[in-house]
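# Understanding the architecture of this molecule
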There are 2 protein chains.
Amino acid sequence: MPVYRLEVSYDGTGFHGFARQPEVRTVQGEIEAALNRVLKLSVESTGAGRTDTGVHAVGQVVSFVAVEELDLVRLQRSLNGILHPEMVVTSLTSEEPGFDARFSAVWREYRYQILNGPHADPLRRTFTWHVSDSLDLDAMNEAAEQLIGEHDFASFCRAPASGGSVRRVLEARWTADRPLVVLRVRANAFCHQMVRSMVGFMVEVGRGRRRAEETAAVIAAADRSAAGPMAPPQGLILWEVGYGD
Amino acid sequence: MPVYRLEVSYDGTGFHGFARQPEVRTVQGEIEAALNRVLKLSVESTGAGRTDTGVHAVGQVVSFVAVEELDLVRLQRSLNGILHPEMVVTSLTSEEPGFDARFSAVWREYRYQILNGPHADPLRRTFTWHVSDSLDLDAMNEAAEQLIGEHDFASFCRAPASGGSVRRVLEARWTADRPLVVLRVRANAFCHQMVRSMVGFMVEVGRGRRRAEETAAVIAAADRSAAGPMAPPQGLILWEVGYGD
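Residues numbered from 1 in each chain as written. Chains lettered and ligands numbered in written order. Predicted model: local features only at pLDDT ≥ 70, side-chain atom pairs only at ≥ 80, totals over all residues. Heavy atoms only, no water.

### Focus: the environment of R210 of chain B
Residues and elements named next belong to chain B. How we decide: Helix numbers and strand numbers start at the N terminus; a helix is a DSSP run of H or I with at least 4 residues, a strand a run of E with at least 2. In what follows, a contact means two residues having at least one pair of non-hydrogen atoms within 4.5 Å. By the criterion applied in these results, polar contacts are pairs of N or O atoms within 3.5 Å in which, for protein atoms, one can donate a hydrogen and the other can accept it, and in which residues neighboring in sequence qualify only through two side-chain atoms.
Within the fold, R210 resides in the loop between α4 (194-206) and α5 (215-221). In this structure the C-alpha to C-alpha distance between R210 and G228, which are 18 residues apart in sequence, comes to 10.0 Å. For R210, the contacting residues outside a window of four places in its chain are F201, E204, V205, V218, A226, A227 and G228. One polar contact links the side chain of R210 to the main-chain carbonyl oxygen of A226, over a distance of 2.9 Å.

### Quick notes on the domain arrangement of chain A
All names here are of chain A. This is how it is decided: Where each domain begins and ends is defined by an automated method or by a domain database. Throughout, the accessible surface (probe 1.4 Å) given up by two parts as they are put together, summed over both, is called the buried area. A carboxyl oxygen of Asp or Glu within 4 Å of a side-chain nitrogen of Lys or Arg is what we treat as a salt bridge. Put simply, Ala, Val, Leu, Ile, Met, Phe, Trp, Tyr, Cys and Pro go in the nonpolar bin, Asp, Glu, Lys and Arg in the charged bin, and everything else, Gly too, in the polar bin.
One can read the domain layout of chain A as domain 1 (3-95) and domain 2 (107-242). Contacts between domain 1 and domain 2 engage 14 residues on the former and 15 residues on the latter. Taken together, the two surfaces of domain 1 and domain 2 that pack against each other cover about 1100 Å², and 57% of this comes from carbon and sulfur. The tally of links between domain 1 and domain 2 comes to one salt bridge. Counting across the interface, domain 1 meets domain 2 through nine residue pairs in polar contact (both at pLDDT 80 or more). The residue makeup of the side of domain 1 that touches domain 2, split by class, is five nonpolar, eight polar and one charged.

### Some words on the pairing of strand β1 (residues 3-10) of chain A
All names here are of chain A. Rules: A 1.4 Å probe rolled over the protein chains alone gives each residue an accessible area, and that area as a share of the maximum for its type sets the label: buried under 20%, exposed over 50%, partly exposed in between. When DSSP finds at least two bridges between two strands, those strands are taken to pair.
The buried fraction of β1 amounts to seven of the eight residues, a majority that puts the element mostly inside the structure. Two strands pair when backbone bridges link them, and β1 and strand β4 (residues 87-95) are joined in this way by eight bridges, in the antiparallel orientation. For S9, the partnering residue across the bridge sits in β4 and is V88. Sheet topology places β1 next to strand β3 (residues 56-65); seven bridges connect them, and they run antiparallel. Counted as the bridge partner of V8 is Q60 from β3.

### Let's talk about the state of the cysteines
Residue and element names in this part refer to chain A. Rules: By definition, disulfides here are pairs of cysteine sulfur atoms that lie within 2.5 Å.
Scanning the model with the defined rule gives two disulfides over all chains in all. Between C157 and C191 runs a disulfide, and the two sulfur atoms are separated by 1.8 Å. Disulfide C157-C191: the torsion about the S-S bond is -80 degrees, which places it as left-handed. One end of the pair, C157, is in the loop between β7 (149-152) and β8 (166-177); the other, C191, is in the loop between β9 (180-187) and α4 (194-206), and 34 residues separate them in sequence. Its relative accessible area of 4% is what places C157 among the buried residues. Of the residues examined, C191 reaches a relative accessible area of 5% and is grouped as buried.

### Section: the interface of chain B and chain A
Each side of the interface is counted separately: chain B has 18 residues, and chain A has 18 residues. Of the roughly 1500 Å² buried where chain B meets chain A, counting both sides, 70% is carbon and sulfur surface. Put simply, D11 of chain B and R125 of chain A hold a salt bridge, and the shortest N to O gap is 2.9 Å. On inspection of chain B and its partner chain A, the count reaches four residue pairs in polar contact (both at pLDDT 80 or more). Elements represented by at least two residues in the side of chain B that touches chain A include exactly β1 (3-10) and β4 (87-95) of chain B. The greatest single-element share of the side of chain B that touches chain A, amounting to four residues, is contributed by β4 of chain B. For the side of chain B that touches chain A, the class distribution of residues is 10 nonpolar, five polar and three charged.

### Some thoughts on the relation of the copies chain B and chain A
This is how the line gets drawn: When the copies are superposed, the least-squares fit takes in the C-alpha atoms of residues with a pLDDT of at least 70 in both.
Laying chain B over chain A is done by rotating through 180 degrees and shifting 0.0 Å along the axis; what remains is an RMSD of 0.0 Å. Taken together, the rotation angle and the small translation identify this as a two-fold axis. Distance from the rotation axis, computed per C-alpha, reaches its smallest value in chain B at R124 of chain B: 4.4 Å. Looking at the interface residues of chain B, 100% of them are also at the interface in chain A, so both copies use one shared face.

### Points about the packing of aromatic side chains
All names here are of chain A. Condition: Here a Phe, Tyr or Trp ring, Trp counted by its six-membered ring, pairs with any other such ring whose centre lies within 6.5 Å, and the pair is stacked when the planes are under 30 degrees apart, edge-to-face when over 60, and tilted otherwise.
If you walk through the whole model with that rule in mind, you get 13 aromatic pairs over all chains. Ring centres of F99 and Y243 lie 5.0 Å apart, and the angle between their planes is 50 degrees; on these two criteria the pair is classed as tilted. Of this pair, F99 sits in the loop between β4 and β5 (107-116) while Y243 sits in the segment after β10 (236-242); the two residues are 144 residues apart in sequence, bridging distant segments of the chain. This pair shows no difference in class: F99 is buried, exactly as Y243 is. Taken together, a centroid distance of 6.3 Å and an interplanar angle of 90 degrees make the contact between Y112 and W129 edge-to-face. Of this pair, Y112 sits in strand β5 while W129 sits in strand β6 (residues 129-131); the two residues are 17 residues apart in sequence, bridging distant segments of the chain. Across this residue pair, the class does not change: Y112 and W129 are buried. Members of the aromatic cluster, each reached through a chain of ring pairs, are F153, F156 and F201.

### Let's talk about the pattern of salt bridges
Residues and elements named next belong to chain A. Scanning all chains against the criterion turns up 39 salt bridges over all chains. Where R5 meets E7, a salt bridge forms, and the shortest distance between an N and an O atom there is 3.8 Å. Under the relative-accessibility criterion, R5 is labelled buried at 9%. According to the relative accessible area criterion, E7 is partly exposed, its value standing at 25%. Residue E214 pairs with R210 through a salt bridge whose shortest N-O separation is 3.1 Å. Among the charged side chains, a salt-bridge network with shared partners connects E109, R111, E171, R184 and R186.

Put into structure tokens, the structure is as follows:
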């Protein structure tokens, strides 16, 4: 049976996260409702990343299996006609049998956006975290470098996933285009709240309240309280998902 | 009596424009309510630009007269504590007697932001106009250049203002940081819906549906229907206001 892959961009502000849940408005729920309405079939989808309430996506990937070949140009147009402007299907392609948005993914990239200046910015308030304290980016990048590699990230995971909390971070780097300060972080996979916990810790380092040299000890503690406060959801964006292709 | 000047940044999405009106939520109404609450006095303010429903500001200027000297650091902090996150007071200073945000202004600068690409961007949908047709920026800049200077802009004014529709455009230039395409336009003053009408016309030129050479004739027509369709409000931002200082 043919397998299809959607790339989806969304503003997570008005959603109770990505994952389908009864009674509440979720990204996956809206996508499946739109697919069901167009295809007149009950479709179950899989997403590459289960973003939390208030978290956004530029390149979320969703896959589903159909019972027949679909006219993709027409389907994409129909979906974008039905979906609210908070969500856009930016690409729709067919995949090899066995493709699964979640299990076929080899890496995920998130970005975390901080607005670092004296005043909040009303136009960017829904997709940045406003931090008015000055931030030492060099220190934050020293901490980021120590997060790279394969580690047990239990200190940065809300609850240990069934598969444990070992993850391989491939890239983690802060760059600045003032007043915007952005973390780009790529890993084979992320445990729940991992990016926001890492950002919360690194911002404490940037403020001078903690030292970058503590990073290895925080990881080694394997204790959630070691990482400190978590960054808020609205700065987080699921940016891109990589597959073997 | 001391005169004060506020610089205000806001997301216009949830407001019925800037100007105070009974029964509806406006930017000026919220600022005055906040001032009245903090100062325990009924304050009347003046704004440099009367932005329409859905139009934003980065540097709106508002002035008011107080009966006594105010503690500005404390007042700014109190106002930002009361105002919703859609609005921020970025500066509060005292001015010479006679200063008036509207009548003392010597120029206003607006920006108009177009997201020019195949897909809408959910995160930027509230402060850009999504245009999927490809746009010829050189042609748009040819038209923009002809708008510069002192002209009767009746073709670009919703209704002739009491003072007529002659305005002096000091700068008008499109630049691109793809997919973002931005007009920066500065004039001594603007009549109602002038920027959105100019953008509507120039986008028709960019699409190739009209020619830049028509610009002088459109101005000369002094007829609103000559300029064609108007651009939507959400791409428009009151960027900065200039005073003699």
